Amino acid sequence: MIAERLTAGAPSHVAEPEALPGERVVCNEHWQQIAAPSLSVLVPNYRDRPAKLLETLSDCIAADQIEVVIYDDGSDMQDLTEETCVAVQQFRGAACLISASENRGRAFGRNRLEHVARSDWMVFLDADMVPDDASFLQRYIEHIQSDARAAMVVGGFSLQQAEETPANQLHWAQCEV
């Protein structure tokens, strides 16, 4: 799902998001170069590995027009944090990792992501998701640009890129493949 910010507008800041107490913020070199992203891709994360998602998004058409912000909600896994930092640095659009020292819960993480998003348009993805094809971002941007009256664009999900596991059996049962 993608929704437009209903306030007067997105924050116009270019600087890295301000770290709250107990947080570490790492942004890539493109963060300041892409001051007005067309879309903010927001990824709440707890002990998942978002590197594959970042790599796949980086290969998408229009990746250089967006920002990706990952909020690690206190995973407390040094190898995961370092792996994610490397993926953030390698992303070809603007990317930022906010790592919290303690778990504050899903709602806090999503609200924190919305607060630091610089686009009026946001899409929330899970860290263990990957887009089906290279047009994933482009389709959202085209929908946003094609109808100025739209307040929300809602998308579904597919399992074309996922293995069937006990953890995702419910999704497989609900999805057409």
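Everything below is about the structure printed above this text.
Below you will find a few notes about this structure. (Residues numbered from 1 in each chain as written. Predicted model: local features only at pLDDT ≥ 70, side-chain atom pairs only at ≥ 80, totals over all residues. Heavy atoms only, no water.)

Per the stated rule, a full pass over the model turns up 6 salt bridges. With a shortest N-O distance of 2.7 Å, Glu23 and Arg112 are connected by a salt bridge. Of the two residues, Glu23 sits in strand S2 (residues 23–27) while Arg112 sits in helix H3 (residues 106–116), which places them 89 residues apart along the sequence. Residue class for Arg112 comes out buried when judged on its relative accessible area of 6%. (Salt bridge = Lys/Arg side-chain N within 4 Å of Asp/Glu carboxyl O. Helix = DSSP H or I, 4+ residues; strand = E, 2+ residues; numbered from the N terminus. Buried < 20%, exposed > 50% of the residue type's maximum accessible area, 1.4 Å probe, protein only.)

The next thing to look at is the environment of Gly109. Relative to the elements of secondary structure, Gly109 occurs in helix H3. A C-alpha to C-alpha distance of 8.0 Å links Gly109 and Asp72, two positions 37 residues apart in sequence.

The next subject is the layout of surface pockets. The computed volume of the second largest pocket comes to approximately 350 Å³. Forming the boundary of the second largest pocket are 14 residues, of which Pro44, Asn45, Tyr46, Arg106 and Arg110 lie nearest the centre. For the lining of the second largest pocket, the secondary structure elements donating two or more residues are strand S3 (39–45) and H3. Sorting elements by how many residues they give to the lining of the second largest pocket places H3 first, with 3 residues. Class assignment for the residues of the lining of the second largest pocket results in 4 nonpolar, 4 polar and 6 charged. (1 Å grid on protein atoms, 1.4 Å probe; cavity = no way out; pocket = protein on both sides within 12 Å on 5 of 7 lines; lining within 4 Å. Points joined across faces, edges and corners; volume = space filled by probe spheres on them. Nonpolar A, V, L, I, M, F, W, Y, C, P; charged D, E, K, R; others polar.)

Applying the stated rule across the entire model yields 2 aromatic pairs. Their ring planes at 55° and their centres at 6.2 Å tell us that Tyr71 and Phe108 sit as a pair that is tilted. In this pair, Tyr71 is assigned in strand S4 (residues 66–72) and Phe108 in helix H3, connecting sequence segments 37 residues apart. Taking the relative accessible area as the measure of exposure, Tyr71 reaches 0% and is therefore buried. Aromatic side chains Phe136 and Tyr140 sit 5.3 Å apart centroid to centroid with 80° between the ring planes, which places their arrangement in the edge-to-face category. Placement of both Phe136 and Tyr140 in helix H4 (residues 136–146) is noted, with a separation of 4 residues, approximately one turn of the helix. Phe136 sits in the buried class, given a relative accessible area of 14%. Over the face of the ring belonging to Phe108 we find Arg104, whose NZ or CZ atom lies 4.1 Å from the ring centre. (Phe/Tyr/Trp six-rings, centres within 6.5 Å; stacked < 30°, edge-to-face > 60°. Lys NZ or Arg CZ within 6 Å of the ring centre and 35° of its normal.)

Moving on, we come to H3. Residues separated by three or four positions in an α-helix point in the same direction, a consequence of the helix having 3.6 residues per turn. Within the sequence span of H3, burial applies to Gly109, Arg112, Leu113 and Val116. In a view along the axis of H3, the buried residues occupy a sector of 100°, so they form one face of it. Away from its buried face, by an angle of more than 90 degrees, H3 presents the exposed residues Ala107, Asn111 and His115. (Arc of directions from axis to C-beta.)

For the pair helix H1 (residues 51–58) and helix H2 (residues 78–90), interaxial distance at closest approach is 9 Å and the crossing angle is 10°. One way to sum up the angle between H1 and H2 is to call them roughly parallel. Residues Ala51, Leu54 and Ser58 of H1 form the contact with H2, whose own contacting residues are Glu83, Thr84, Ala87, Val88 and Gln90. The residue makeup of the contact of H1 with H2, split by class, is 4 nonpolar, 3 polar and 1 charged. (Axes fitted to C-alpha atoms, helices over the stretch in contact; angles between N-to-C directions. Parallel < 35°, antiparallel > 145°, perpendicular 65-115°, else oblique. Contact = heavy atoms within 4.5 Å.)

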